[in-house]
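So the chains spell out like this:
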Amino acid sequence: MKEAGILMPVSALPSRTGVGELGAAAYQWIDLMHEAGITIWQILPLNPLGYGNSPYQPYSSYAGDELYISLELLAEAGLLKELPEPFRTEEKRVDYEAVRAFKQPVLRTAYQSFKEKKQDEDPEYQAFAALDWVKTYTAFRALKKANGGVCWNEWKAEDQNFPEGERELTGEEQEEAGFHTFLQYIFYCQWMKVKTAANEKGIRIMGDVPFYVGLDSADVWGGKDNFLLDTDGRPIFIAGVPPDYFSATGQRWGNPIYDWEHMKESGYQFWMDRIGYSGKLFDIVRIDHFRAFDTFWKIPSSCPTAIEGEWIEAPGYEVLDLLTESFPKMELVAEDLGELRPEVMTLKKHYHLKGMKILVFAIETWRKRACDGIADEKNMIIYTGTHDNDTLMEWYQNLTKAAKRKVRRFLRTEGFGTGSVKERLLGYTFASPAEYAIVPLQDILGLGREGHMNTPGTVGSPNWEWHLPDFGRAEKEMKHLRHLFRRS
């Protein structure tokens, strides 16, 4: 059965604190999707934002960013006596640093109330606090604060080696770790209620799992043997991709490369735990940069760009065999964009995974025929675009007049000759043979450059900052989606 979805980051939801939260707006968003006939909500990673506020360089593969905790729900739970005045509610960009500074003292107040009410003695809370990833992550955050916030490989030696059992946390460090345990528990509870509400409305949530993890993360600090690091904790090789459509010098991501030989000795437990936990949080798990399960670009850490490097084969079949055997009901999706060798497609098809096609990449106006079909099979997902490329209208507005005419002529020959160009492009996407058609909310709203989410190869503002002040325009546009669905 064909399904329609929307890509909408949690960070972009309207709220009274300048960043999306897991409160009223999340439930309102679920209602809007349900009314429009949407059955898939795709999000970006929810993990604690690290370098450049990128969700693909998080402090943990398991933890959720406390930014998304709803203060209103904390007040309803009796953990806040009053709510602070609304903050940056009309902004169209998220100022992450300002929002953190605003919410942090409020969250600490809620934590003190949580302890005063002795809710930290609840068996359910204690069971959550005892999870291995929770203990590792909360100690990581406590020691990161104690070391001035720098990357863990610049900490004092005893703190760098804390996971190896060299010492215990001090009283002050334990208090900070307790605060982060509270944050993770609240985040988990609020998120699971949002997921349940979505599922009850027939909406599945597609989460995004980056292939690599960030260097400055609890994953690397707590599992150094899983990565190719030197004795000082610095990566010997780093991840990225060679020169491509996005960058003439390639993309030097900086993530440490996995030590696949060591991982094999442990039965790839790192991947079993990571994907298994994601399966609890999401209904569909999209693996970003799936091609690295086949071959990955290995860059010497001394190289300033991604030009120098080599393709190395990965044990993809071994890992995916274990994942599919261990989690037979989990739906995995492969991000398989870019220039790929045929073996990547063979790997994907071996496990019957859905791949991706992008409308704005498929329509090539320099060809005799603008597009030979954006979907040549049913077992795939068609997108108008992703978080990494121009919005649909930004792409169209940047075309020459001749190229625009060719696009309109192509749509007319495909039976989409009436309506705005945006509506015709969306209609063509939803009419694709692909089983899933997913559209970023920015494209449904018809946003141009102002809706751009991320530019690969660049770091920091304005990446990841797009924010929706309210649902007014979205509500109107999404009501019109049913008309497009009927045509498809």
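Residues numbered from 1 in each chain as written. Predicted model: local features only at pLDDT ≥ 70, side-chain atom pairs only at ≥ 80, totals over all residues. Heavy atoms only, no water.

Asks: Lay out the pattern of salt bridges with the relevant residues and their values.
Replies: Following the criterion strictly, the structure yields 29 salt bridges and no others. In this structure, aspartate 159 engages arginine 167 in a salt bridge whose closest nitrogen and oxygen atoms are separated by 2.6 Å. Here lysine 195 makes a salt bridge to aspartate 283, at a shortest N to O gap of 3.0 Å. On the criterion of sequence distance, the pair formed by lysine 195 in helix H7 (residues 171-200) and aspartate 283 in the loop between helix H10 (269-281) and strand S6 (284-288) is long-range, its members being 88 residues apart. Classification of lysine 195 as buried rests on a relative accessible area of 11%. What emerges from the salt-bridge pattern is a single network uniting Lys156, Asp159, Arg167 and Glu173. (Salt bridge = Lys/Arg side-chain N within 4 Å of Asp/Glu carboxyl O. Helix = DSSP H or I, 4+ residues; strand = E, 2+ residues; numbered from the N terminus. Buried < 20%, exposed > 50% of the residue type's maximum accessible area, 1.4 Å probe, protein only.)

Asks: Would you mind going over the side chain of lysine 224 in detail, with residue names and values included?
Replies: Summarising the element assignment, lysine 224 is placed in the loop between helix H8 (218-221) and strand S4 (237-241). At a separation of 2.9 Å, a polar atom in the side chain of lysine 224 contacts the main-chain carbonyl oxygen of glutamine 160. Leaving out residues up to four positions away in the same chain, lysine 224 has contacts with Trp152, Gln160, Asn161, Pro163, Glu164 and Leu229. (Polar contact = N/O pair within 3.5 Å; in protein donor to acceptor, adjacent residues only side chain to side chain. Contact = heavy atoms within 4.5 Å.)

Asks: Tell me about the packing of aromatic side chains, residues and numbers included.
Replies: Applying the stated criterion across every chain yields a total of 43 aromatic pairs. Residues tyrosine 62 and tyrosine 277 carry aromatic rings whose centres are separated by 5.5 Å and whose planes lie at 50° to one another, so their mutual orientation is tilted. You can see tyrosine 62 sitting in the loop between strand S2 (40-42) and helix H2 (71-76) and its partner tyrosine 277 sitting in helix H10, a full 215 residues away along the chain. In this structure tyrosine 62 comes out as buried when scored by relative accessible area, which is 16%. Plain terms: the ring middles of tyrosine 212 and tyrosine 258 are 5.6 Å apart, the flat faces sit at 20° to each other, and that makes the pair stacked. Linking tyrosine 212 in the loop between strand S3 (204-210) and H8 with tyrosine 258 in the loop between strand S5 (251-256) and helix H9 (260-265), this pair joins segments that are 46 residues apart in sequence. Using a relative accessible area of 2% as the deciding quantity, one classes tyrosine 258 as buried. An aromatic cluster of at least three residues, connected via ring pairs, comprises Tyr62, Tyr111, Phe114, Tyr125, Phe128, Trp133, Phe179, Phe182, Tyr185, Tyr188 and Tyr277. When the ring centre of tryptophan 311 is taken as origin, the NZ or CZ atom of arginine 291, which lies over that ring, is 4.0 Å away. Over the aromatic face of tyrosine 436 sits the side chain of lysine 354, whose NZ or CZ is 4.6 Å from the ring centroid. (Phe/Tyr/Trp six-rings, centres within 6.5 Å; stacked < 30°, edge-to-face > 60°. Lys NZ or Arg CZ within 6 Å of the ring centre and 35° of its normal.)

Asks: Before we move on, could you go through the environment of glutamate 435 and cite the residues and values that matter?
Replies: In this structure, glutamate 435 sits in the loop between helix H16 (421-430) and strand S12 (436-440). Residues glutamate 435 and phenylalanine 485, spaced 50 residues apart in sequence, show a C-alpha to C-alpha distance of 13 Å.

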